[in-house]
Amino acid sequence: NDTKESNIPTSRTNTVQNLRRSNVVKEVEKLKKEQRRAATEAGRRKSRERGIFTNGPWKSTLGIIKYDTNHRFFRGLEYRRGLDIKPLSEHDAIEDHLITVCVRKRPLNKREATRKEVDVITIPSKNQLIVHEPKNKVDLTKYLENQLFRFDYAFDESCSNEMVYRYTAQPLIKTIFEGGFATCFAYGQTGSGKTHTMGGDFNVVSASFFEIYSGKVFDLLNNKAKLRILEDGKQQVQVVGLTEIVVTNTDDVLKLIQKGNQARTSGQTFANSNSSRSHAVFQIFLRSNNNMTKIHGKFSLIDLAGNERGMEGAEINKSLLALKECIRALGRKGAHLPFRVSKLTQVLRDSFVGSNSRTCMIAMISPGVNSCEHSLNTLRYADRVKELGGGDLQTN
Ligand code: ADP
Ligand code: MG
């Protein structure tokens, strides 16, 4: 039983008991004593204060608390080996939901790999995700707390855009041919893969591409011309003067996405770019042949602003909170929807109120340990959009 308990504990109550009883802990204590002799007093204090899992490069504390922290940390991640990993495969059924909420984990990028960032996200099955969150006990020993989340689908780092498309956007296509409104959001921290995921291929009739930045709307297919939003007596919302271009094949669509993305990011750097503070809305319209002013169906693909900003992003937060409420209300009849709270929800109004409306949100996750907190925020948000529930992982 002791061997089992030397695995990482899962819930707080278990944690204390397990650690108290575990032989491994005694071993660790012994080694810690030996290492204490070797380490200088000052160095030890410094590494303890810093905590290897917080900001600083954690390699810098390797020498002093190697066994106590790193060894146990890796022991923690070895936990993965004990898991039965069964990722989504293309044979898995495509489910039919009014609201689909899924999560996608990107691979560690070169920079994270060079920094030897530890991957703390595990996707054990087609609809589950585990965050191995580093924690400190009061005596400063480190352990991992495993939190389990469940979604409609979980895409791991080896999942292709084609595969994500198959389970997310593709099932929505039939909705627009049936005269409905389909919407797909890419949600998550800047750099987690939203734009990458929205770059898939689609093929229909006409398309537009605009950006919402600081509550203002800009046309990405017309030199970022500033556009006005008008709402008529029937609460139909219009983006006045928005460029709409007829597309006849996949290539046309991809070229428009490329053109708009270039306009969106021109003259900006990665981390602090406007594009991380703006929502990009790419829309594909089906119009009836005999009345071009009437929309038959509409597909909105939305690359949301990064959700990591605090007070700086009051406008972003406002729109993301309103968005959550509007999506949640999709499943409930007669709910009051806070459309006008943000430009984003205002321009999407028709896609929430239609009797034939469907939506999908893909929450994007950075795998690195330094993104852990953002990842948990993202997962909790996605969790509330559609409460499928999760909780502490049961080990053994
Ligand atoms: P965001 O739009 O959320 O800020 P990006 O889509 O720009 O993030 O992704 C950041 C970087 O990570 C890009 O260089 C992108 O190509 C890469 N990336 C994102 N997701 C994946 C993935 N699933 N597989 C491979 N590379 C990815
Ligand atoms: Mg982006």
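Residues numbered from 1 in each chain as written. Chains lettered and ligands numbered in written order. Predicted model: local features only at pLDDT ≥ 70, side-chain atom pairs only at ≥ 80, totals over all residues.

**Some words on unusual backbone geometry**
Note the following rule: The secondary structure listing takes helices from DSSP runs of H or I that are at least 4 residues long and strands from runs of E that are at least 2 residues long, numbered from the N terminus. Counting other C-beta atoms within 10 Å of a residue's own tells you its class, since 20 or more makes it buried, 12 or fewer makes it exposed, and anything in between is partly exposed; those C-beta atoms are placed from the backbone.
Backbone geometry at Ser214 places phi at a positive 55°, although glycine is not the residue there. Mapped onto the fold, Ser214 is located in the loop between β7 (206-213) and β8 (216-219). You can call Ser214 exposed: it has 10 C-beta atoms within 10 Å. One non-glycine residue, Lys224, lies in the positive phi region at around 55°. Examined against the element boundaries, Lys224 turns out to sit in the loop between β8 and β9 (225-231). By C-beta crowding, Lys224 is classed as partly exposed, having 16 other C-beta atoms within 10 Å.

**Description of the UniProt feature "binding site: ATP" (unreviewed entry) in the protein chain**
Put simply, the test is: UniProt positions are given in the numbering used here, feature names are shortened, and annotations may be inferred rather than shown by experiment. A pair of residues counts as a contact when their C-beta atoms, built from backbone coordinates, are separated by no more than 7 Å.
In the numbering used here, UniProt assigns the feature "binding site: ATP" (unreviewed entry) to Gly188, Gln189, Thr190, Gly191, Ser192, Gly193, Lys194 and Thr195. By secondary structure assignment, the location of Ser192 is in the loop between β6 (181-188) and α9 (194-198). Contact partners of Ser192, with chain neighbours within four places excluded, come to Arg106, Met364, Ile365 and Ser366. In this structure Thr195 comes out as partly exposed when scored by C-beta crowding, with 19 C-beta atoms within 10 Å.

**Digging into the pairing of strand β1 (residues 99-105)**
Threshold: Here, a strand pair is defined by DSSP locating no fewer than two bridges between the strands.
Here β1 lies mainly inside the structure; 6 of its 7 residues are buried. One ladder, built from 7 bridges, connects β1 with strand β14 (residues 357-365); its direction is parallel. Bridging from a neighbouring strand, Ile99 pairs with Thr359 of β14. Relative to strand β5 (residues 153-155), β1 runs parallel, the two sharing 3 bridges. When the sheet's bridge partners are listed, Arg104 is paired in β5 with Phe155.

**Details of the packing of helix α11 (residues 314-330) against helix α14 (residues 372-385)**
Spelled out, the test is: Whenever a helix is involved, its axis is fitted only over the stretch in contact; in every case the axis is a line through C-alpha atoms, and angles between N-to-C directions fall within 0 to 180 degrees. Angular relationships are summarised with four words: roughly parallel below 35 degrees, roughly antiparallel beyond 145, roughly perpendicular across 65 to 115, and oblique for the angles in between. Three residue categories are used. Nonpolar comprises Ala, Val, Leu, Ile, Met, Phe, Trp, Tyr, Cys and Pro, charged comprises Asp, Glu, Lys and Arg, and polar comprises the others, including Gly.
Closest axis-to-axis distance for the α11/α14 pair is 9 Å, and the angle between their directions is 30°. Our classification of the angle between α11 and α14 gives roughly parallel. In this structure, α11 contributes Lys324, Ile327 and Arg328 to the contact, and α14 contributes Tyr381, Arg384 and Val385. Grouping the constituent residues of the contact of α11 with α14 by class yields 3 nonpolar, no polar and 3 charged.

**A short note on the site of ligand 1**
As a reminder, the rule being used: The rule is simple: place the C-beta atom from the backbone, and if it lies within 6 Å of a molecule or strand, the residue is near it.
In the neighbourhood of ligand 1, 13 residues make up the surrounding shell, with Arg106, Gly193, Lys194, Thr195 and His196 lying closest. Here the shell around ligand 1 gets 3 residues from one element, more than from any other, and that element is α9. Tallied by class, residues from the shell around ligand 1 come to 2 nonpolar, 9 polar and 2 charged.

**Re the nonpolar core**
The test is simple: By convention the nonpolar core is taken to be a set of buried residues drawn from Ala, Val, Leu, Ile, Met, Phe, Trp, Tyr and Cys and joined through C-beta atoms within 7 Å.
Membership of the largest hydrophobic core comes to 75 residues, with the highest contact counts inside it found for Cys102, Val103, Tyr187, Met361, Ile362, Ala363 and Ala382. If one sorts the elements of this core by residue count, α11 sits on top with 7 residues. Dropping the residues within four chain positions of it, Met361 is found in contact with Val101, Phe185, Tyr187, Ile327, Ala382 and Val385.

**Comments concerning the environment of His374**
Along the polypeptide, His374 turns up in helix α14. Classification of His374 as buried rests on a count of 20 C-beta atoms within 10 Å. Sequence-wise, His374 and Thr190 are 184 residues apart; in three dimensions their C-alpha atoms are separated by 10.0 Å. Setting aside anything within four residues of it in sequence, one finds His374 in contact with Gln189, Glu308 and Ser366.

**Description of the environment of Gly354**
Note on placement: Gly354 falls in the loop between α13 (349-353) and β14. As for Gly354 and Phe181, which are separated by 173 residues in sequence, their C-alpha atoms are 6.9 Å apart. Excluding its chain neighbours within four sequence positions, the residues that come into contact with Gly354 are Gly180 and Phe181.

**Regarding the environment of Glu178**
Among the secondary structure elements, Glu178 is positioned in the loop between α8 (170-177) and β6. When the 11 C-beta atoms within 10 Å are taken as the criterion, Glu178 is described as exposed. When the C-alpha atoms of Glu178 and Asn356 are compared, they prove to be 8.3 Å apart, with 178 residues separating the residues in sequence.

**Examining α11**
Selection criterion: Helix span is expected to be 1.5 Å times the residue number reduced by one. In this context, the arc is that of the directions from the helix axis out to the C-beta atoms.
A rise of 1.5 Å per residue sets the reference length of α11, with its 17 residues, at 24 Å; its end C-alpha atoms lie 25 Å apart and thus fit the reference within 8%. By the burial criterion, the buried members of α11 are Ile316, Ser319, Leu320, Ala322, Leu323, Cys326, Ile327 and Leu330. Angular distribution of buried residues about the axis of α11 spans 165°; they occupy a single face of the element. Residues of α11 that are buried in the fold lie against β1, β12 (278-288), α12 (343-347), α13, β14 and α14.

**Digging into the confidence of the model for the protein chain**
To keep it simple, the criterion reads: For every residue, the pLDDT score states the predictor's confidence, bounded by 0 at the bottom and 100 at the top.
On average, residues of the protein chain carry a pLDDT of 78, and 73% of them reach 70 or more. Within the protein chain, β5 carries the highest mean pLDDT (98), whereas helix α1 (residues 2-5) carries the lowest (38). A low-confidence stretch, residues 1-20 stays under pLDDT 50, and its non-local contacts, those more than four residues away or across chains, total 30 contacts. Residue range residues 40-72 is modelled with pLDDT below 50. Its contacts to residues more than four positions away, or to other chains, number 33 contacts.

**As for the pairing of strand β3 (residues 128-136)**
Inspection of the sheet shows strand β2 (residues 121-125) paired to β3 by 3 bridges, in the antiparallel sense. Its bridge partner being in β3, Ile121 is matched across the sheet by Val131. The turn linking β2 back onto β3 is made up of 2 residues. In the sheet, β3 pairs with strand β4 (residues 142-150) via 9 bridges, with the strands oriented antiparallel. Bridged to Pro134 within β4 is Leu144. The turn linking β3 back onto β4 is made up of 5 residues, and Leu140 within it adopts a positive phi angle of 75°.

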